[in-house]
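Commentary on secondary and tertiary structure
Each chain, letter by letter, is given below.
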Amino acid sequence: MLVLLGFAMIAVFMVLIMTKKLTPVLALIIVPTVFGLFAGAGLGIGPMVMDSMKSMTSTAALLMFAIIYFGLMIDVGLFDPLVRFILRKLGNDPAKVVLGTAILAAAVSLDGDGSTTFILTTAAMLPVYLRLKMSPVVLTCVAGLANGTMNILPWGGPTARAATALKLDVNDVFVPMIPSLIAGLVVVFVFSWLLGLQERNRLRATAPEIWGTDNTFDGGSADGGSGTGRFGFGRTASTPAGGVAAGRPSTGSSSVAVLERTEDLVDDRDSAMADTALDPNRATLRPKLFWFNLGLTVAVMVTLVANIIPLPFVFMVGSAVALLVNFPKVKDQGAQLIAHAPSIVAVVSMVMAAAVLTGVLNGTGMVKAMSEWLVAIIPSDMGPFMAVITGVLSIPMTFFMSNDAFYFGVLPVLSETAGHYGVSAVDMARASITGQPFHLQSPLVPAILLLVSLAKVDLGDHHKKVLWRTAVISLVMLGVGVLTGAIGIG
């Protein structure tokens, strides 16, 4: 019964958010509550949720103050030079922009922290997407693909968990999987290029009158300098420098028509991060404090990587110092906090709501029952293929449960079973990490909630575009692991 309820709860949750019948926050609260009561939790459901929520508080604090800090850095103009550099190098070609997004996200993912990766990638690329009228869903999809693939790095967490759970050296687990990692990244870049081509074709169909013959928007410079573009990428003859704020088109009739056709794609006025990043004349700019803000941000990032101070406290102190120096007046400090309140409420509420789902899954015993059932239904003649089976199972199982639950609860049981068929523990550990690209898209992962919140993207829309692609990447990584001998067959 618990197995049926567990899978039914997950299915109902996914259907509701992907069909947009409920917002993710409401679905995370209502669906587990109903199924938890059916599972017999009764009044005990409250303590289950509160126990789970206690483990989420530090994550919520981290995300809250990270949003404040990086939102503030965007407001004061720290990332403006980076955006101009990206536009100069990538031009206005959506295909190049999307591929550049994947490369940037993969590079930043080297620090092993998904939240940092998504904050920096969104800060740098969201203004570019809005300026070119590209879909932010493509941004979240590509960033999710790159970060999920890079998540098997030893310092990313899952590889270390797998090694610890099976008492192995982490290097023995990771190093043979490097070819799989490279293959996964190649697939990420291929998907990114294809998504970019789709965006290019969509924009050409949407605005054929302003599309150039060289796959860039007709007229206008990449960095907002001189040009004759009518789509907000440069000045028009009647528009002064900086007059096309926030990437809005001029008042020409054809541009107005284009805007009317594209406004349903994204409302850039609804994103505080995008607004401030796109307006070159915003009152919050602090050009004289650029080097201070850069030094402070470098110090914050070095402290994050060094992991010598709890991450929430790092961003708390960083936000306080940044606010005090850039906005010495109390009124301005309050205004800055209010400016980023929508993003904070969106992501923190989703993190807290996710505690209901995890609390019910663990408290009612659904997770344990589901994992034991999966182990039990594996036929004995499939024993020699336990590593491959584990790799396939890691795709959905790490999506619906935490990495800790999978690597410390399920993997040891699977590995013990595999040992009877001559499959080594290290083979099982390597196979188990191939599902990470899919895992990173789970609503139980705070970083992905942060990504969709900052980009103002619906989680269901993100899942529609990203899930099947991450499943392909996971299977490719598993297949390359088998072909190279990193994942053995008994």
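The structure under discussion appears in the preceding block.
What counts as what
- Residues numbered from 1 in each chain as written.
- Predicted model: local features only at pLDDT ≥ 70, side-chain atom pairs only at ≥ 80, totals over all residues.
- Heavy atoms only, no water.
- Helix = DSSP H or I, 4+ residues; strand = E, 2+ residues; numbered from the N terminus.
- Buried < 20%, exposed > 50% of the residue type's maximum accessible area, 1.4 Å probe, protein only.
- Contact = heavy atoms within 4.5 Å.
- Areas by Shrake-Rupley, 256 points an atom, 1.4 Å probe, with all protein chains shown as cover.
- Salt bridge = Lys/Arg side-chain N within 4 Å of Asp/Glu carboxyl O.
- Axes fitted to C-alpha atoms, helices over the stretch in contact; angles between N-to-C directions.
- Parallel < 35°, antiparallel > 145°, perpendicular 65-115°, else oblique.
- Left-handed = near helix turned anticlockwise from the far one by under 90°.
- Nonpolar A, V, L, I, M, F, W, Y, C, P; charged D, E, K, R; others polar.
- Expected span 1.5 Å × (residues − 1).
- Polar contact = N/O pair within 3.5 Å; in protein donor to acceptor, adjacent residues only side chain to side chain.
- Phe/Tyr/Trp six-rings, centres within 6.5 Å; stacked < 30°, edge-to-face > 60°.
- Lys NZ or Arg CZ within 6 Å of the ring centre and 35° of its normal.
- Patch = residues over 30% accessible without salt bridge, like charges linked within 9 Å, V, L, I, M, F, W, Y side chains within 5 Å.

1. A word on the overall build of the protein
- For the protein, the helix and strand inventory stands at 24 helices and 0 strands.
- Counting every position in the protein, which comprises 490 residues, the buried fraction comes to 57%.
- Long-range contacts, defined as pairs at least 24 residues apart, comprise 76% of the intrachain contacts of the protein with a sequence gap of at least 6.
- Of the roughly 19,400 Å² of accessible surface on the protein, 68% is carried by carbon and sulfur atoms.

2. Quick word on the pattern of salt bridges
- Inspection of every chain in the model, using the stated rule, returns 3 salt bridges.
- Where Asp93 meets Arg200, a salt bridge forms, and the shortest distance between an N and an O atom there is 2.8 Å. With Asp93 in the loop between α5 (80-90) and α6 (94-108) and Arg200 in helix α11 (residues 178-206), this residue pair connects regions lying 107 residues apart in the sequence.
- Since its relative accessible area comes to 5%, Asp93 is described here as buried.
- Between Arg202 and Glu199 there is a salt bridge, with the nearest N and O atoms lying 3.1 Å from each other. Placement of the pair is Arg202 and Glu199 together in helix α11, with a separation of 3 residues, close to one helical turn.
- Exposure remark for Arg202: the relative accessible area of 26% places this residue in the partly exposed category.

3. Some thoughts on the packing of helix α4 (residues 57-75) against helix α15 (residues 311-326)
- The N-to-C vectors of α4 and α15 enclose an angle of 30°; their axes lie 8 Å apart at closest approach. Classified by the angle their axes make, α4 and α15 are roughly parallel. α15 is crossed by α4, and the crossing has left-handed handedness. Residues Ser58, Ala61, Leu62, Phe65, Ala66, Ile68, Tyr69, Phe70, Leu72 and Met73 of α4 form the contact with α15, whose own contacting residues are Leu311, Pro312, Phe315, Met316, Gly318, Ser319, Ala322, Leu323 and Asn326.
- The residue makeup of the contact of α4 with α15, split by class, is 15 nonpolar, 4 polar and no charged.

4. Considerations on α6
- With 15 residues, α6 should reach 21 Å at 1.5 Å per residue; the first-to-last C-alpha distance of 21 Å fits that figure.
- Along α6, the residues that are buried comprise Pro94, Ala95, Val97, Val98, Gly100, Thr101, Ala102, Ala105, Ala106 and Val108.
- Between the side-chain oxygen of the N-cap and the backbone nitrogen of Ala95 there are 3.2 Å, and the N-cap of α6 in question is Asp93.

5. What about the environment of Phe65?
- Looking at the element boundaries, Phe65 is found in helix α4.
- Considering only alpha carbons, one finds Phe65 and Pro312, 247 residues apart in sequence, at a separation of 7.1 Å.
- What Phe65 contacts, discounting residues up to four positions off in sequence, is Phe315, Met316 and Ser319.

6. Here's the deal with the packing of aromatic side chains
- Within this structure, the stated rule accounts for 4 aromatic pairs.
- Relative to Trp468, the ring of Phe191 has its centre 5.5 Å away and its plane inclined at 80°; by these criteria the two rings are edge-to-face. Of this pair, Phe191 sits in helix α11 while Trp468 sits in helix α24 (residues 459-483), and the two are 277 residues apart along the sequence.
- Accessibility expressed as a relative area gives 11% for Phe191, which makes it buried.
- With 5.1 Å between their ring centres and 55° between their planes, Phe399 and Phe438 make a pair best called tilted. With Phe399 in helix α19 (residues 386-400) and Phe438 in helix α22 (residues 436-439), the pair connects residues that are 39 residues apart, well separated along the chain. Each member of the pair, Phe399 as well as Phe438, carries the same accessibility label: buried.
- Against the face of Phe191 rests Arg469, its NZ or CZ located 5.8 Å from the ring centre.

7. Looking at a nonpolar patch on the surface
- Taken together, the side chains of Phe292, Ile308, Ile309, Phe313, Met316, Val317, Val321, Leu324 and Val325 present a nonpolar region at the surface, about 750 Å² in accessible area.
- If you tally residues by element for the nonpolar patch, the top one is α15, at 6 residues.
- Looking at where Ile308 falls in the secondary structure, it is placed in the loop between α14 (290-306) and α15.
- Since its relative accessible area comes to 64%, Ile308 is described here as exposed.

8. Topic: α19
- For α19, built from 15 residues, the straight-helix expectation of 21 Å at 1.5 Å per residue is met to within 8% by its first-to-last C-alpha distance of 21 Å.
- Most of α19 is tucked away, with 11 of its 15 residues classed as buried.
- If you check which residues of α19 are buried, you get Met386, Ala387, Ile389, Thr390, Gly391, Leu393, Ser394, Ile395, Met397, Thr398 and Phe399.

9. Some details on unusual backbone geometry
- Residues other than glycine seldom take positive phi values, yet Lys133 does so here, at roughly 60°.
- Looking at the element boundaries, Lys133 is found in the loop between α7 (114-131) and α8 (136-150).
- For Lys133, a relative accessible area of 4% translates into the label buried.
- Despite not being glycine, Lys456 shows a phi value in the positive range, around 55°.

10. A closer look at the environment of Met9
- Among the secondary structure elements, Met9 is positioned in helix α1 (residues 2-18).
- Exposure remark for Met9: the relative accessible area of 0% places this residue in the buried category.
- Placed 25 residues apart in sequence, Met9 and Val34 show a C-alpha to C-alpha distance of 8.8 Å.
- Filtering out sequence-adjacent residues up to four positions away, Met9 remains in contact with Val31, Pro32, Phe35, Leu357, Val360, Leu361 and Met366.

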